[in-house]
Amino acid sequence: MKKIIVTVVLILISNTFFAQSVFDKYEGQESISSIIVNKKMFQMMSSVKVDANDKETQQYLNLLKKLDVLKVFTTANTKAATDMKLTADMYWKVAGMSEIKNSSDYGKNLRIWIKSGETEGQIKEILMYNENANNVNQTVLMNLTGNFNLNEISVLIDKMKIPGGNELKKATKGK
């Protein structure tokens, strides 16, 4: 019995340290472009010195300190886009996320889910699936984790020029 308990504990610990995201399978695929920014990079970016009077940049740097991982995957490949959609649909349910936006407009499909943080207005994770983004045949899947406020996202989108970010920015205004 002791061996079983030790084995289970070791498996859980190793999964915690070496956990991979369900979205990692899209990295390095020929038909999918990816942007991955990890916590270390966010920390390095947030340590840049700026003029104290530049409030917008200061707000951006403060947000960067709150972020853990940003993953953005884009494709024009129909098969890859279908797989991305299936993965997003499966993931948000398993991760306990809530849908905040689901719209379809002239062939553009946008879905956004969030996982709430510990306090009101705080977000631990946001997932966006945007089909036919930017009025081109492009699908965008974005996953952002950290501990941030939904209203802060617009600053990140403006500064990092995230693909499909304009739709996310519009969808999160006033939420």
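Scoring rules and cut-offs
Residue indices begin from 1 for each chain and proceed along its sequence in written order. Per-residue local features of the predicted model are confined to residues with pLDDT of at least 70, and side-chain atom pairs are confined, for both listing and counting, to 80 or more; whole-chain, interface and lining totals are unaffected and use all residues. The side-chain quantities take in all heavy atoms of the structure and omit both hydrogens and water. Patches in this entry comprise residues that are over 30% relatively accessible and not in a salt bridge; like charges within 9 Å are linked, as are nonpolar side chains (Val, Leu, Ile, Met, Phe, Trp, Tyr) within 5 Å. The method behind every accessible area is Shrake-Rupley, applied with a 1.4 Å probe, and residues are considered shielded solely by the protein chains displayed. Salt-bridge detection follows one rule: a side-chain nitrogen of Lys or Arg within 4 Å of a carboxyl oxygen of Asp or Glu. Comment: elements are numbered from the N terminus, with helices defined as DSSP H or I runs of at least four residues and strands as E runs of at least two. Working rule for contacts: check all heavy atoms of both residues, and any pair within 4.5 Å makes them a contact. DSSP-based pairing: two strands are paired if at least 2 bridges between them are found. Any pair of nitrogen or oxygen atoms within 3.5 Å is treated as a polar contact; in protein, a donor-acceptor pairing is required on top of that, and neighbouring residues in sequence qualify only through side-chain atoms on both sides. Throughout, nonpolar core names a set of buried Ala, Val, Leu, Ile, Met, Phe, Trp, Tyr and Cys residues whose side chains join them through atoms within 4.5 Å. Buried means the residue's accessible area, taken with a 1.4 Å probe over protein chains only, is under 20% of the maximum for its type, while exposed means over 50%, and partly exposed covers the values in between.

Colleague: How should a nonpolar patch on the surface be read in this particular structure?
Modeller: A grouping of Val22, Met90 and Val94 is seen on the molecular surface, where their side chains present a nonpolar patch of about 260 Å² in accessible area. Mapped onto the secondary structure, valine 94 falls in helix α4 (residues 78-94).

Colleague: Looking at this structure, how should I read the environment of lysine 124?
Modeller: Residue position: lysine 124 is located in strand β5 (residues 122-131). Excluding its chain neighbours within four sequence positions, the residues that come into contact with lysine 124 are Lys115, Ser116, Gly117, Leu144, Thr145, Gly146 and Phe148.

Colleague: For this particular structure, what's the right way to read the pairing of strand β4 (residues 108-116)?
Modeller: Regular strands place side chains that alternate from one sheet face to the opposite one. In the sheet, strand β3 (residues 98-105) pairs with β4 via seven bridges, with the strands oriented antiparallel. Bridged to lysine 101 within β4 is isoleucine 112.

Colleague: Is there a simple way to explain the side chain of lysine 71 in this structure?
Modeller: Topologically, lysine 71 is positioned in strand β2 (residues 67-75). A distance of 2.2 Å separates polar atoms of two side chains, one belonging to lysine 71 and the other to aspartate 24. Aside from chain neighbours lying at most four places away, what touches lysine 71 is Ser21, Asp24, Glu27, Ile35, Ile36, Leu141, Met142 and Asn143.

Colleague: How should the nonpolar core be read in this particular structure?
Modeller: A general feature of soluble globular proteins is that nonpolar side chains tend to end up buried together. Among the nonpolar cores identified, the biggest contains 25 residues, and Leu64, Leu67, Ile126, Leu144 and Phe148 are the most heavily contacted of them. If you list the elements that add at least two residues to this core, you get α2 (39-46), α3 (55-64), β2, β4, β5, β6 (139-149) and α5 (153-160).

Colleague: What am I meant to see in the pattern of salt bridges here?
Modeller: Any two side chains of opposite charge can pair, so long as their charged atoms come close to each other. Throughout the structure, instances matching the rule amount to five salt bridges. For lysine 39, the salt bridge identified is with aspartate 68, shortest N-O distance 2.9 Å. With a gap of 29 residues between them, lysine 39 in helix α2 and aspartate 68 in strand β2 connect regions that are remote in the sequence. Of the residues examined, lysine 39 reaches a relative accessible area of 33% and is grouped as partly exposed. Residue aspartate 68 is classed as partly exposed on the basis of its relative accessible area, which comes to 28%. Through salt bridges that share partners, Asp89, Glu99 and Arg111 make up one connected network.

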